[in-house]
Amino acid sequence: MLTACVDRSISQTVPAALNVGTPETVYATTTRAREPDGSYRFGRGGGLKYLEMTVSIPPNHTPGTLDFSYANPDPETQFVMARVDELQGPQDLKTRLRGTDEVSIFVHGYNTTQSETTFRAAQLSRDIGIPGATMVYSWPSQATGYGYAYDLDSMLFARDGLEQTVRQLKSMGIRRVVIVAHSMGGALTMEMMRQAELREPGWASRNIEGVVLISPDLDVDLFRSQMDSIKTLPDPFVVMVSQKDKLLGISARLRGTAKGERLGNISSAETLADYKISILDTTAFNSDAASSHFVAATSPALLAILTSARRVGQTFDTNRRGIDVLVPAEARNPSGATEIVLTETGQAQVSSP
């Protein structure tokens, strides 16, 4: 009710916040249209725009929390946008990324503004210790509770921009590109990889070094169809699920799914046994999380486990050493899906459907 009374698309920029908070740099490519006042709202743009943003993280920040304000933010206690630089195309981005070996792209979900996804990416980068550069792909979500249909169309509209982002990063010499997608952003990521694969078989594994889908708002049958179109999957390929995800339960029922299941809240990985993916069940951390739909970002206990798994950079290296911290190599099924149920103590119960 409170957020309905404010303009969520506007986030005040306060350079002086850096006198109090700690800076975190987040790059962005966006297919949102640039408005006359310079903001990026829900309009669909004609091409990619490039940004470099600096977020001030408050000195009292604790892992799993994200507090910010749409007006008059307090840098002592809140995330604050301290600076926004509009870049002059991909060449300018390449200059800013010079010397960077790895880029993690965060793809947001439904009902999200550009500022909100930037704050979330900054929080995850700080809490987990993401190596290299952090980037958001900001697609034109209407950022309203009743904008689900608009966001579905915008998600499909945004496929080309995400593919272009990955292609440009690789052409800049970025060795490792990792995609971390939340909710409807998971559907966007899968659609992007599918369309690229149809043109260039093997494209996904050649250009993307790791994929993590967090609470994906995606039909399981559709996911299987998309997976069947991808010649070789990026490795690792992780799907984080929670059986207590309330929003996905609502999404499934609105679509008439009898079991009330989406990919992000599946009760069994049996239907995905044909695919070489890791399914990380985080249900045990639901009570610890501020959001049942984003346990991976809002559960302090789970964040601590992910951080201790030799940090995200090692989780996504070619030898999968970080994954081995959670799941020993001998426990994984190399020919199909591995279901990993994380307990509150950080132990992993492993089964292969």
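Residues numbered from 1 in each chain as written. Predicted model: local features only at pLDDT ≥ 70, side-chain atom pairs only at ≥ 80, totals over all residues. Heavy atoms only, no water.

### So, the environment of Arg 98
Tracing the backbone through its elements, the reader meets Arg 98 in the loop between helix H1 (90-96) and strand E4 (102-107). Look at Arg 98 and you get exposed, because its relative accessible area is 65%. As for Arg 98 and Gly 173, which are separated by 75 residues in sequence, their C-alpha atoms are 9.1 Å apart. (Helix = DSSP H or I, 4+ residues; strand = E, 2+ residues; numbered from the N terminus. Buried < 20%, exposed > 50% of the residue type's maximum accessible area, 1.4 Å probe, protein only.)

### Some thoughts on the pairing of strand E1 (residues 22-34)
Across 11 bridges, the pairing between E1 and strand E2 (residues 40-57) is antiparallel. Bridging from a neighbouring strand, Arg 32 pairs with Arg 44 of E2. Here E1 runs beside strand E5 (residues 133-138); their pairing, made up of 4 bridges, is parallel. Among the inter-strand pairings, Tyr 27 is bridged to a residue of E5, identified as Met 135. (Pairing = 2+ DSSP bridges.)

### Here we look at the packing of aromatic side chains
Considering all chains together, one arrives at 6 aromatic pairs under this definition. An angle of 85° between the planes, with centres 5.5 Å apart, marks the rings of Phe 68 and Tyr 70 as edge-to-face. Centroid distance Phe 223 to Phe 237: 6.5 Å. Interplanar angle 50°. Geometry classified as tilted. Residue Phe 223 is located in helix H7 (residues 220-228), and its partner Phe 237 is located in strand E8 (residues 237-241); the two are separated by 14 residues in the primary sequence. The residues Phe 223 and Phe 237 share a single accessibility class, namely buried. The structure contains a cluster of three or more aromatic residues connected by ring pairs, namely Phe 68, Tyr 70, Phe 79 and Phe 119. Lying over the aromatic face of Tyr 150, Arg 44 brings its terminal NZ or CZ to 4.1 Å of the ring centre. (Phe/Tyr/Trp six-rings, centres within 6.5 Å; stacked < 30°, edge-to-face > 60°. Lys NZ or Arg CZ within 6 Å of the ring centre and 35° of its normal.)

### Side note on the packing of helix H3 (residues 148-157) against helix H5 (residues 184-199)
At a minimum axis separation of 9 Å, H3 and H5 run at an interaxial angle of 30°. The pairing of H3 with H5 is recorded here as roughly parallel in orientation. The hand of the H3/H5 crossing is right-handed. Residues Tyr 148, Asp 151, Leu 152, Met 155 and Leu 156 of H3 lie in contact with H5, whose contacting residues are Met 184, Ala 187, Leu 188 and Glu 191. (Axes fitted to C-alpha atoms, helices over the stretch in contact; angles between N-to-C directions. Parallel < 35°, antiparallel > 145°, perpendicular 65-115°, else oblique. Left-handed = near helix turned anticlockwise from the far one by under 90°. Contact = heavy atoms within 4.5 Å.)

### Some points on the nonpolar core
Among the nonpolar cores identified, the biggest contains 52 residues, and Ile 105, Phe 223, Phe 237 and Ile 277 are the most heavily contacted of them. It is H5 that provides the largest number of residues to this core, a total of 7 residues. Beyond its immediate stretch of four places on either side in the chain, Ile 105 contacts Met 135, Tyr 137, Leu 162, Thr 165, Val 166, Leu 169, Val 177, Val 178, Ile 179 and Val 180. Phe 79, Val 136, Val 212 and Ile 340 belong to the second-largest nonpolar core, a separate cluster that totals 24 residues. (Core = buried A, V, L, I, M, F, W, Y, C linked by side-chain atoms within 4.5 Å.)

### Digging into the packing of H5 against H7
Closest axis-to-axis distance for the H5/H7 pair is 9 Å, and the angle between their directions is 30°. Relative to H7, the element H5 lies roughly parallel. Remark: the crossing between H5 and H7 carries left-handed chirality. For the pair formed by H5 and H7, the contact residues are Ala 187, Met 190, Glu 191 and Arg 194 on the first element and Phe 223, Gln 226 and Met 227 on the second.

### With respect to helix H4 (residues 159-171)
Spacing of three or four residues puts side chains on the same side of an α-helix, whose turn is 3.6 residues. Along its 13 residues, H4 runs 19 Å from first to last C-alpha, staying within 8% of the 18 Å computed at 1.5 Å per residue. Taken residue by residue, H4 has Gly 161, Leu 162, Glu 163, Thr 165, Val 166, Gln 168, Leu 169 and Lys 170 as its buried positions. Gly 173 sits one or two positions beyond H4 and adopts a positive phi of about 95°. (Expected span 1.5 Å × (residues − 1).)

### Observations regarding the pattern of salt bridges
Under the counting rule described, the total for this entry stands at 17 salt bridges. A salt bridge links Arg 175 to Asp 101; its shortest N-O distance comes to 2.9 Å. Of this pair, Arg 175 sits in the loop between H4 and strand E6 (176-182) while Asp 101 sits in the loop between H1 and E4, and the two are 74 residues apart along the sequence. Classification of Asp 101 as partly exposed rests on a relative accessible area of 38%. A salt bridge links Asp 274 to Arg 224, with the nearest nitrogen and oxygen atoms 3.7 Å apart. Residue Asp 274 is found in the loop between helix H8 (246-254) and strand E9 (278-281), and its partner Arg 224 is found in helix H7; the two are separated by 50 residues along the sequence. (Salt bridge = Lys/Arg side-chain N within 4 Å of Asp/Glu carboxyl O.)

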